[in-house]
Amino acid sequence: MTVDLAALIDDRPDEGVFRVDRAIFTDPEVFALEMRHVFEGGWVFLGLESQAPGPHDFFTTAAGRVPVLVSRDGDGRLRAFVNSCPHKGAQLAQIQSGNARLHVCPYHSWTFDSAGSNRGIKWQRAGCYSEAFTGASHDLAPLPRFEGYRGFLFGSLNPDVPALAEHLGEAARFLDLVVGQPEEGIELVPGAVTFTYDANWKLQLENCSDAYHFTSAHPSYIRVLERRQQAGGPAAVRSIWEQSQAWSEESEGVQGGSYSFANGHVLNWGRIGISETHPLFEQAGALGARHGEAARDWIFNMRNLTIFPNLQVAENASSQLRIIQPLAPGRTLMRTWCLAPRGESAEARRLRIRQYEDFFNPSGMATPDDTVAYESCQRGFAGRVDPWLQGYARGAMASQEGGNALSAAIGAGAERSVLADSQLCDETLYHSYYRAWLQRMAPAMARGA
Ligand code: FES
Ligand SMILES: [Fe+2]
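Keep in mind that this is a model prediction, so the values were computed, not measured.

1. Brief notes about the packing of aromatic side chains
Inference 1: Tallying each qualifying case throughout the model produces 23 aromatic pairs.
Inference 2: With centroids separated by 5.8 Å and ring planes inclined at 80 degrees, the aromatic side chains of Tyr-392 and Tyr-430 adopt a geometry described as edge-to-face. In this pair, Tyr-392 is assigned in the loop between β21 (388-389) and β22 (400-401) and Tyr-430 in helix α15 (residues 430-447), connecting sequence segments 38 residues apart.
Inference 3: Put simply, the rings of Phe-18, Phe-308, Tyr-392, Tyr-430, Tyr-433 and Tyr-434 touch in pairs and so form one group of aromatic residues.
Inference 4: Sitting above the plane of the Trp-123 ring, Lys-122 keeps its charged end 4.5 Å from the centroid.
Inference 5: Of note, Lys-202 hangs over the ring of Phe-25, and the distance from its end group to the ring centre comes to 5.2 Å.

2. Regarding the coordination of the iron ion (ligand 2)
By definition of the ideal shapes, four donors in a tetrahedron about a metal sit 109.5 degrees apart, and six donors in an octahedron sit 90 or 180 degrees apart.
Inference 1: Listed as protein donors to the iron ion (ligand 2) are His-213 (NE2), His-218 (NE2), Asp-370 (OD) and Asp-370 (OD); their distances from the metal cover 2.1 to 2.4 Å.
Inference 2: Coordination geometry of the iron ion (ligand 2): the four donor atoms subtend angles of 57 to 140 degrees at the metal centre, consistent with an arrangement described as irregular.
Inference 3: Mapping the donors of the iron ion (ligand 2) onto the primary sequence yields the spacing H-x4-H-x151-D. Residue His-213 shares its accessibility class with His-218, and that shared class is buried.

3. Observations concerning the sheet that holds strand β7 (residues 97-99)
Inference 1: Taking strand neighbours across the sheet as the criterion, the four strands line up as β6-β5-β4-β7 in an open arrangement whose pairing is antiparallel. Among the strands making up the open sheet, the edge pair consists of β6 (78-82) and β7. Geometrically, the sheet is characterised by an average inter-axis angle of 25 degrees between neighbouring strands, direction not taken into account.
Inference 2: Looking at chain direction, strand β4 (residues 57-63) and strand β5 (residues 66-72) are connected through six bridges and run antiparallel. Each residue of the ladder has a partner; that of Thr-60, found in β5, is Leu-69.

4. Some thoughts on empty space enclosed by the protein
Inference 1: Enumeration over the complete set of coordinates arrives at two cavities of 30 Å³ or more.
Inference 2: Every residue along the wall of the second largest cavity is listed here: Phe-39, Ala-62, Ala-63, Gly-64, Asn-310, Ile-323, Ile-324, Gln-325 and Arg-335.
Inference 3: Only β4 and β19 (319-328) provide two or more residues apiece to the lining of the second largest cavity.
Inference 4: In terms of residues, the lining of the second largest cavity owes the most to one element, β19, which gives three residues.
Inference 5: Taken together, the residues of the lining of the second largest cavity break down into five nonpolar, three polar and one charged.
Inference 6: Looking at which domains feed residues into the lining of the second largest cavity, each of domain 1 (44-148) and domain 2 (168-447) supplies at least three.

5. Quick word on the layout of surface pockets
Inference 1: Approximately 490 Å³ is the volume attributed to the second largest pocket.
Inference 2: Lining the second largest pocket are 25 residues; nearest its centre among them are Pro-13, Arg-416, Thr-428, His-431 and Arg-435.
Inference 3: At the level of secondary structure, the elements contributing two or more residues to the lining of the second largest pocket comprise β2 (17-21) and α15.
Inference 4: Among the residues forming the lining of the second largest pocket, the class breakdown is ten nonpolar, ten polar and five charged.

6. Thoughts on the nonpolar core
Inference 1: In this structure, Leu-5, Ile-24, Phe-25, Trp-201, Tyr-434 and Trp-437 are the most contacted members of the largest nonpolar core, which totals 51 residues.
Inference 2: No other element matches the seven residues that α15 contributes to this core.
Inference 3: In this view, Phe-25 contacts Val-20, Asn-200, Lys-202, Leu-203, Glu-206, Pro-329, Gln-378, Phe-381, Leu-389, Tyr-392 and Tyr-434; residues no more than four positions away in its chain are not counted.
Inference 4: If you look at the next biggest cluster of nonpolar residues, it comprises 39 residues, including Val-161, Leu-164, Val-178 and Ile-299.

Definitions and limits used
- Residues numbered from 1 in each chain as written.
- Chains lettered and ligands numbered in written order.
- Predicted model: local features only at pLDDT ≥ 70, side-chain atom pairs only at ≥ 80, totals over all residues.
- Heavy atoms only, no water.
- Phe/Tyr/Trp six-rings, centres within 6.5 Å; stacked < 30°, edge-to-face > 60°.
- Helix = DSSP H or I, 4+ residues; strand = E, 2+ residues; numbered from the N terminus.
- Lys NZ or Arg CZ within 6 Å of the ring centre and 35° of its normal.
- Donors = N, O, S within 2.8 Å, 3.2 Å for Na, K, Ca; no water.
- Tetrahedral: all angles 85-135°; square planar, octahedral: opposite > 155°, others 65-115°.
- Buried < 20%, exposed > 50% of the residue type's maximum accessible area, 1.4 Å probe, protein only.
- Pairing = 2+ DSSP bridges.
- Axes fitted to C-alpha atoms, helices over the stretch in contact; angles between N-to-C directions.
- 1 Å grid on protein atoms, 1.4 Å probe; cavity = no way out; pocket = protein on both sides within 12 Å on 5 of 7 lines; lining within 4 Å.
- Points joined across faces, edges and corners; volume = space filled by probe spheres on them.
- Nonpolar A, V, L, I, M, F, W, Y, C, P; charged D, E, K, R; others polar.
- Domains from an automatic or database assignment.
- Core = buried A, V, L, I, M, F, W, Y, C linked by side-chain atoms within 4.5 Å.
- Contact = heavy atoms within 4.5 Å.

Right, dumping it as structure tokens:
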């Protein structure tokens, strides 16, 4: 190893300094170490249980560079395997999702059941195999660790990791808010979207937590909503942004903030209020009765949650689930879905999907602004006259140890928290990402290789 990983992050909390070296986004050696230690050395998000609801349902995903097959066996048990045939390594399942009692390898037709057991080796009797071969296992290799939390499935290629509950820590309370909305649970609206952008994966990681860019990078979205508002359009075309503007004009003081949790998870949030432009509006009363008013109000807040390193749930006018998959230092694959409560009314679902298309879809008005900005940053990273990026400093004097009264109201804590007006736009929450990043890189640094 020639790169000094610790030197890429200038973290001096006592002096109020946190800076990141641009090389962290561009260096191929850093990227290779990230794959090995961040994505293949610890917990990563794989998908939702609801992506494989019935016996023999499966979906494919990845842990770093490693293709993964998640399959529900005939007894209804979910399992996760390396999606690679033990014969010569070909990827076994080739499609994103489906239902298969048997998976037949496309290369030489070895066959596996939905529990990963080998059920057939083509022309085995004629194969003159040795006893050693016949006596060995030919099953798919299970992921060393595979656990779920309330329908969110995580895996680790490294067996030596803490229990998932420990990894999620206090951030789990905010996953509860995602799944706790409806009585019937959540589901993915049919129609997954996959796209790539030509920039580093950590730009997406940061952008989800970046309130500072919104009015700068998304003016066309804001202008379109303003025009719709002036025209008195229906709620479906006005969106929650209108409501949040109204709220911030009426109120003073705290309008949002952030929480940083252990292991790199973060939440940033903004106060919205109970708005008719929110797809959950029809359920406001029921949600209050079921969860209490504090949790209900949190459910209506704008919330962007990142579970390090690759899961993001963005909830505002609609809800988006994102999986970040790095492909190269300057290339990232995004897989995104609209997330929705099961059993919501047709009208609420329509509102959710329209607002999703407006804001989140790659064909919408916000996501392209963001990906263009990531690619612009990636080009700018070539400039190394001053390698240090200064985008981690806002909020330094507002960040407090622990949670606050608002998180306590729903039984949540945090390592650090910030309460903000509409312009503070905390950047200290990114510190958690890079501290967790270094933590996962520790084995590389210890070995110096
Ligand atoms: S690689 Fe799968 S059967 Fe040969
Ligand atoms: Fe954005």
